[in-house]
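Here's the letter readout for the chains.
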Amino acid sequence: MSQPKIYALHENPEWFPPFARAFEQEGLEFSEWQLTEGTLDLSEAPPEGIFWSRISASSHTREHKLSKDYTRAVLAWLESHGRRTVNGRRVLELEMSKVDQLTALQAAGIETPRTIAAVGRDQILKAAQGFPTPFITKHNQGGKGLGVRKFESHDELEDYVRSDEFEEPQDGITLIQEFVQAAEPFITRAEIVGGEFIYAITADTARGGFQLCPADACEIDPNTGRPIMPPGATIEPEPDQQLFSLREGFDHPIIDKYLEFTRRAGLEVCGIEFIETADGRLLTYDVNTNTNYNSVVEAQAPRSAPAALAKYLKSLQA
């Protein structure tokens, strides 16, 4: 049986080169399908192949506001014809909603930060009254730290919500969440491909704040506003400039819980983020189904995540 063609469904070409290189090295036939605009003839059958979706919840920030719904239509079409999708329609909904992520994590017995979802500015203020200060807000359809703000008082939140600076969430849902004090100034992200834990990375919250996309194309130095590792760069940043690093030898029972969670949710490729708190908790707060990989971490890691993905896709049958 010949190896089926891989179709990569995405909307951001800047994020794709590491995967293209891994696919080429694995000898995979692949094609990029950029879901920003197009047509879909429902009277026709899809091509044969394996369809890997990596549509991001932050696609609207790149003026791709229609990508989410276009992808819903494409995945519905593909799956109705029995095509093999990786991170299919159900996973797309998980990517687009932190409410979906948090409730699914809780159902799997994984502890998450206390969170209230609110629709409407008055309801944001009402929901926040039950939180001690400081607390944070974030957008339900997130990515790239969208809408994440820390508030030291309820009056500060009201001033923001009543102002013209208020950022309306893409889906109208704002999350109010407990502010978690980390034991050390970093978060950890566990990368999982095809039911395997690949490696864990740390992200420096003291320097990166809430915007912790690990892709080289979106790694921004908060002090300069410029990319730390521009696309195509060949010189690694100095150690004191690195926001991301490999968490060597990470072995924790949470990984087994994450692997079971991914099996239950049909998640085949993801990065799951957690924080270890000053009061001794481990709280999981984000599931990234369009996971990206950092070149500095890749250089440190004992195995490559894009290569693991390429081998996993190669192992599948259409």
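A short tour of the structure in this document, coming up. Predicted model, so just to flag it, every value in this text is computed and none were measured.

Overview of helix α10 (residues 305-315)
All buried positions along α10 are accounted for by Ala305, Pro306, Ala308, Leu309, Ala310, Tyr312 and Leu313. Measuring from the side-chain oxygen of the N-cap residue of α10 to the backbone nitrogen of Ala307 gives 3.2 Å; that N-cap residue is Ser304.

Some thoughts on the side chain of Glu26
Tracing the backbone shows Glu26 in the loop between α1 (17-25) and β2 (30-34). Here Glu26 falls in the buried class, since its relative accessible area comes to 18%. Those residues in contact with Glu26, other than ones at most four positions away along the chain, are Ala310, Lys311 and Lys314.

Some remarks on the pattern of salt bridges
In total, this model carries 22 salt bridges according to the counting rule given. For Glu152, the salt bridge identified is with Lys150, shortest N-O distance 3.5 Å. Residue Glu191 is joined to Arg189 by a salt bridge in which the shortest nitrogen-to-oxygen separation is 2.8 Å. A relative accessible area of 4% places Arg189 in the buried class. Where salt bridges share partners, they join Asp69, Arg72, Arg89 and Glu93 into one cluster.

Looking at the side chain of Gln177
As for its position among the elements, Gln177 is in strand β8 (residues 173-178). Residue class for Gln177 comes out buried when judged on its relative accessible area of 3%.

Examining the environment of Thr61
Tracing the backbone shows Thr61 in the loop between β3 (50-53) and α2 (67-80). Judged by relative accessible area, Thr61 falls into the partly exposed class, the value being 32%. Between the alpha carbons of Thr61 and Gly143 there is a distance of 9.5 Å; along the sequence they are 82 residues apart. In this structure the side chain of Thr61 is engaged in a polar contact, spanning 2.6 Å, whose partner is the backbone oxygen of Ser58.

Notes on the packing of α2 against helix α3 (residues 89-96)
For the pair α2 and α3, the least separation of the axes is 9 Å and the interaxial angle reads 160°. One element, α2, and the other, α3, form an angle in the roughly antiparallel class. For the pair α2 and α3, the crossing hand works out as left-handed. Counted together, Lys68, Thr71, Arg72, Leu75, Ala76 and Glu79 of α2 and Arg89, Leu92, Glu93 and Met96 of α3 form the full contact between these two elements. Of the residues that constitute the contact of α2 with α3, the class distribution is 4 nonpolar, 1 polar and 5 charged.

What about the pairing of β8?
Of all 6 residues in β8, 5 are buried, a share of seventy percent or more. Bridge count for strand β5 (residues 115-119) against β8 is 5 bridges, and the pairing is antiparallel. Each bridged residue has a counterpart across the sheet, and for Ile116 the counterpart in β8 is Ile176. Bridge count for strand β6 (residues 135-139) against β8 is 5 bridges, and the pairing is antiparallel. Counterpart to Thr137 in the pairing with β8 is Ile176.

Examining empty space enclosed by the protein
The final tally for this structure, using the stated rule, is 2 cavities of 30 Å³ or more. Estimates place the volume of the largest cavity at around 50 Å³. Surrounding the largest cavity, Thr137, His139, Gly147, Arg149, Tyr160, Phe166, Glu167 and Thr174 form its lining. Across the lining of the largest cavity, the residue classes tally to 2 nonpolar, 4 polar and 2 charged. Of the voids in this model, the second largest cavity is the one considered here, and its volume is about 40 Å³. Forming the walls of the second largest cavity are Ser53, Arg54, Ile55, Asn87, Gly88, Val91, Leu92, Glu95 and Thr289. The biggest single contributor to the lining of the second largest cavity is α3, with 3 residues. In the lining of the second largest cavity, the residues fall into 3 nonpolar, 4 polar and 2 charged.

Rules used in this analysis
Residues numbered from 1 in each chain as written. Predicted model: local features only at pLDDT ≥ 70, side-chain atom pairs only at ≥ 80, totals over all residues. Heavy atoms only, no water. Buried < 20%, exposed > 50% of the residue type's maximum accessible area, 1.4 Å probe, protein only. Helix = DSSP H or I, 4+ residues; strand = E, 2+ residues; numbered from the N terminus. Polar contact = N/O pair within 3.5 Å; in protein donor to acceptor, adjacent residues only side chain to side chain. Contact = heavy atoms within 4.5 Å. Salt bridge = Lys/Arg side-chain N within 4 Å of Asp/Glu carboxyl O. Axes fitted to C-alpha atoms, helices over the stretch in contact; angles between N-to-C directions. Parallel < 35°, antiparallel > 145°, perpendicular 65-115°, else oblique. Left-handed = near helix turned anticlockwise from the far one by under 90°. Nonpolar A, V, L, I, M, F, W, Y, C, P; charged D, E, K, R; others polar. Pairing = 2+ DSSP bridges. 1 Å grid on protein atoms, 1.4 Å probe; cavity = no way out; pocket = protein on both sides within 12 Å on 5 of 7 lines; lining within 4 Å. Points joined across faces, edges and corners; volume = space filled by probe spheres on them.

These figures capture arrangement, not role.
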